[in-house]
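Chain by chain, the residues:
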Amino acid sequence: MNSLHDLLGGTSGGGGSSFAELPGVPRLGAPIDPSAPHGTTIVAARYAGGVAMVGDRRATVGNVIALHDIEKVFGADDHTIVGIAGVAGLATEMVRLFQVELEHFEKIEGVPLSFDGKANRLSALLRANFPQALQGLMMLPMFVGWDPRAARGRMYTYDGTGGRYEEHRYAALGSGAAYARGALKKLHDPDADEHTAVAALLQSLFDAADDDAATSGLDLTRGIMPVVMQASADGVRRWSDEEVRDLAARIVAGRAERFGGPKGAVL
Amino acid sequence: MYVPPEQLMLDRAEFARKGIARGRSVAVCKLDAGVLFVAENHSTTLHKVSEIHDRIGFAAVGRYHEFEMLRVAGIRHADLRGYSYDRTDVTARSLAGAYSQILGTTFASSVEKPYEVELIVAELGQQPSDDVLYRISYDGVITDERTFTVIGGEPERIVEAVGEGLSGDVGVGEALRTLARGLRPGTGLGAAQVEVGFLDRRAGRRRTFRRIEGDELEGLLRG
């Protein structure tokens, strides 16, 4: 533990507002542990008044389901959301560090970081994990939120080297991402309202779970619902389990009627 | 030339006290609704009152660059503790102790100039009876305050002026008006001359500190 005296010096401005660069913040070593749980699928989409992110609840170790109710979508601060896929231990630790990083900057500087500033910091934290990624401990975040300056919802995806890419419609991450993206391509409507956007995201998660063994779907039997978070001008809100279950029940009922979900016109 | 140690300490205390007395004062009080910080401050960007952690607030008077450095160190201390252990393990007591060590050591050092600052560290408890209010003076002395405290120039006069006007069950608006009158006798302080922070017991979120400003502040000052 640092004494307060070590922490003196370097006032606001310059590099003094970063928490992650403080001495003593543990840098994780690089143990190669193939048995670490992996998080699976995260999806996000923009809608008229903001952006929403949905994450399934499964973590796997190889072909075994390690956890049925893990949470992989988190509020990063009052206006942003971060979701994770890959090695769960490293990823949740990175989220924890990222949350403190954002709040730390805001407290020291008196104003929050810009949206791009936040996305950039996440890049740097991710890049610090690059050696572990090379050793097989790969994890990736997705970052979305309300940008008060641009007055719209925004989304960023990342690659293992810390590269960040702005997404303008929808995004998916993790083992079921390809299937979810396919569904979102047909269902997503950027002008729709929040409820419709979340419905499209849950549909895409259903499709991901349909084809990817590592993704959990809408578990109505036990009431283990995907985590749904939404960011708008009013801030970040997490949907209650009841809200998610109501919508999920309608989606599952729809699938009982029609195998592939909602029908679109071919031409 | 020989200077007796008693004289040396008196001189250093005199030096620090003079620096502090030049600045405008800050008053902090415990209420049922939370902990209220009221500072006379004509700047809207150079703060005297600030958030340290989820339930901990900070107020300071004296030299700006000195207390700003201490404020930043305090935030680092709190965030490191919260990250290393758990957010609930960050306490005002540990922070006040760390501040006291720095101020006390520097005050007694023969090579450094004493800090010309006074600090308040307050923590919001789960119940009003658990609230904590520490005053830390330039020489590192910590005082555990019961209901309210003042730092800066003429604290005794302000304490006297506020007098019995404050008790726990007073509302935020009334407490604010009482303190604003106490800080500037006669006219009282207007919204442009006052900086107000509040650790809100009913915040309903992890971070309880917020600034009371703009229309809300004007409304509360008007009563």
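Residues numbered from 1 in each chain as written. Chains lettered and ligands numbered in written order. Predicted model: local features only at pLDDT ≥ 70, side-chain atom pairs only at ≥ 80, totals over all residues. Heavy atoms only, no water.

(A) Broad picture of the overall build of chain B. Counting secondary structure elements, chain B contains 6 helices and 10 strands. Taken over C-alpha atoms, the radius of gyration comes to 17 Å for chain B, in line with the 17 Å a tight globule of 223 residues would show. Out of the 223 residues belonging to chain B, those deemed buried represent 53%. Considering only intrachain contacts with a sequence separation of at least 6, the fraction spanning at least 24 residues in chain B is 66%. (Helix = DSSP H or I, 4+ residues; strand = E, 2+ residues; numbered from the N terminus. Rg over C-alpha atoms; globule rule 2.2 N^0.38 Å. Buried < 20%, exposed > 50% of the residue type's maximum accessible area, 1.4 Å probe, protein only. Contact = heavy atoms within 4.5 Å.)

(B) Structural view of the overall build of chain A. Helix and strand counts for chain A stand at 7 helices and 13 strands. Relative to the compact-globule value of 18 Å for 267 residues, chain A shows a C-alpha radius of gyration of 19 Å, a close match. Projected onto the principal axes, the alpha-carbon positions of chain A cover approximately 65 × 45 × 35 Å. Contacts in chain A between residues at least 24 apart in sequence constitute 65% of all its contacts with a sequence separation of at least 6.

(C) Representation of the sheet that holds strand E6 (residues 132-136) of chain B. Residue and element names in this part refer to chain B. Pairing in this open sheet of 5 strands is antiparallel, and the strands run E3-E4-E5-E6-E7 from one edge to the other. The strands lining the two open edges of the sheet, one partner per strand, are strand E3 (49-53) and strand E7 (142-144). Strand-to-strand twist of the sheet, defined as the mean angle between neighbouring strand axes without regard to direction, takes the value 25°. Of the pairings in the sheet, the one linking E6 to E7 comprises 3 bridges and is antiparallel in character. (Pairing = 2+ DSSP bridges. Axes fitted to C-alpha atoms, helices over the stretch in contact; angles between N-to-C directions.)

(D) Here's a closer look at the pairing of strand E8 (residues 148-151) of chain B. Residues and elements named next belong to chain B. Of the two faces of E8, both are covered, the one formed by Phe148 and Val150 as well as the one formed by Thr149 and Ile151. Summarising the sheet, strand E1 (residues 26-30) and E8 pair through 4 bridges and their orientation is antiparallel. Residue pairing in the sheet places Val28 in a bridge with Thr149 of E8.

(E) Representation of the packing of aromatic side chains. Within the structure shown, the criterion is met by 8 aromatic pairs over all chains. Relative to Tyr99 of chain B, the ring of Phe58 of chain B lies with its centre 5.8 Å away and its plane at 50°, an arrangement referred to as tilted. In this pair, Phe58 of chain B is assigned in strand E4 (residues 56-62) and Tyr99 of chain B in helix H3 (residues 92-108), connecting sequence segments 41 residues apart. Here the aromatic cluster, defined as three or more aromatic residues joined through ring pairs, consists of Phe98, Phe115, Phe143 and Tyr156 of chain A. In this arrangement the basic side chain of Arg96 of chain A is found over the ring face of Tyr83 of chain B, its NZ or CZ atom lying 4.5 Å from the centre. (Phe/Tyr/Trp six-rings, centres within 6.5 Å; stacked < 30°, edge-to-face > 60°. Lys NZ or Arg CZ within 6 Å of the ring centre and 35° of its normal.)

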